[in-house]
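# Topology and contacts: notes
These are the residues of each chain, in order.
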2 protein chains.
Amino acid sequence: MNPIGNLNKLFDSRIRLGVMSILMVNGEISFNDLKQMLELTDGNLASHLNTLEENGYIKVHKGFVGRKTNTTYSITKSGEKAFKGHLTALENMIKSTR
Amino acid sequence: MNPIGNLNKLFDSRIRLGVMSILMVNGEISFNDLKQMLELTDGNLASHLNTLEENGYIKVHKGFVGRKTNTTYSITKSGEKAFKGHLTALENMIKSTR
């Protein structure tokens, strides 16, 4: 059995793992909150968010707080399904090492 | 708390996760066995093995079976320690999503 057979290539980055795990437990979260929680630069976070959005795993919401733009993100149904599958595959891999 | 704070950048690849998890439970394993188990091409596997070796996480053993060269790999103490730390961080991240 290939121990990494069911791992999702798109989640081959700590940063995307971090974004998805935060969005799993937070309905909607802003770019700045994600950046602080994951201790990242703007550019680094933005590129990973684009990839996740292009693959339909997260949704972007452009809003305003007062006159300031406020971009927030939420997980999609297919994102949740794909990430849960990845976590299960990770757990099976971890079990195989014990 | 940064959910990915303790994740090791070097294990940001399914293939390296696969190699390390196999080496955790197999004292020594050949290039070809790794290639079959992980369903990879020679080049792809070789480049990841080089990275793991350069970082001292695995050791290479060049031997012979009859007149044919037989290269095998094993995990080092520091490799085991780093990978166990990564698995613990993954488990904590998974727990944070539930």
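Just so you know, these numbers come straight off a predicted model, no measurement behind them. (Residues numbered from 1 in each chain as written. Chains lettered and ligands numbered in written order. Predicted model: local features only at pLDDT ≥ 70, side-chain atom pairs only at ≥ 80, totals over all residues. Heavy atoms only, no water.)

Here the focus is the UniProt feature "domain: Winged helix DNA-binding" (unreviewed entry) in chain A. Sequence positions flagged by UniProt for "domain: Winged helix DNA-binding" (unreviewed entry) are, in local numbering, residues 15-94 of chain A. The span residues 15-94 of chain A shows a helical share of 62% and a strand share of 22%, and its end C-alpha atoms are spaced 20 Å apart. (UniProt positions renumbered as here; feature names shortened; annotations may be inferred. Helix = DSSP H or I, 4+ residues; strand = E, 2+ residues; numbered from the N terminus.)

So, about the pairing of strand S2 (residues 58-65) of chain A. For a regular strand, side-chain orientation follows a simple rule: the groups alternate between the two sheet faces. All names here are of chain A. Sheet topology note: the S2/strand S3 (residues 68-75) ladder contains 8 bridges and is antiparallel. Across the sheet, the residue bridging to Val 65 is Lys 68, located in S3. Between S2 and S3, which pair antiparallel one after the other, the connecting turn spans 2 residues, and Gly 66 there sits at a positive phi close to 65°. (Pairing = 2+ DSSP bridges.)

This part is about the sheet that holds strand S1 (residues 29-30) of chain A. Residues and elements named next belong to chain A. Across the sheet, 3 strands lie side by side as S1-S3-S2; this open sheet has antiparallel pairing. Each of the sheet's edge strands pairs with one partner strand only, and the pair in question is S1 and S2. Bridge analysis of S1 against S3 gives 2 bridges, and the strand direction is antiparallel. Each bridged residue has a counterpart across the sheet, and for Ser 30 the counterpart in S3 is Thr 72. On top of the sheet, helix H1 (residues 14-25) reaches S1, S2 and S3; it is set at about 90° to S3, its chief contact. (Contact = heavy atoms within 4.5 Å. Axes fitted to C-alpha atoms, helices over the stretch in contact; angles between N-to-C directions.)

The next point concerns helix H4 (residues 77-96) of chain B. All names here are of chain B. Relative to the 28 Å expected for 20 residues at 1.5 Å per residue, H4 spans 29 Å between its end C-alpha atoms, a close match to the ideal helical length. All buried positions along H4 are accounted for by Gly 79, Ala 82, Phe 83, His 86, Leu 87, Ala 89, Leu 90, Met 93 and Ile 94. Relative to the axis of H4, the buried residues are bounded by an arc of 165° and lie together on one face. Residues of H4 that are exposed and point over 90 degrees away from its buried face: Lys 77, Lys 81 and Lys 95. (Expected span 1.5 Å × (residues − 1). Buried < 20%, exposed > 50% of the residue type's maximum accessible area, 1.4 Å probe, protein only. Arc of directions from axis to C-beta.)

Across the boundary between the two partners, chain A contributes 28 residues, which contact 28 residues of chain B. In total, about 2500 Å² of surface goes out of reach between chain A and chain B, with carbon and sulfur atoms giving 64% of it. Run the count over chain A and chain B and you get 4 salt bridges. Between Arg14(A) and Asp12(B) there is a salt bridge, with its nearest N and O atoms 2.7 Å apart. In this assembly, chain A and chain B are joined by 8 residue pairs in polar contact (both at pLDDT 80 or more). At the level of elements, H1, helix H2 (31-38) and helix H4 (77-96) of chain A are the ones that each hand at least two residues to the side of chain A that touches chain B. No other element matches the 8 residues that H1(A) contributes to the side of chain A that touches chain B. Here the side of chain A that touches chain B is composed, by residue class, of 15 nonpolar, 7 polar and 6 charged. (Buried area = accessible area lost by both parts, 1.4 Å probe. Salt bridge = Lys/Arg side-chain N within 4 Å of Asp/Glu carboxyl O. Polar contact = N/O pair within 3.5 Å; in protein donor to acceptor, adjacent residues only side chain to side chain. Nonpolar A, V, L, I, M, F, W, Y, C, P; charged D, E, K, R; others polar.)

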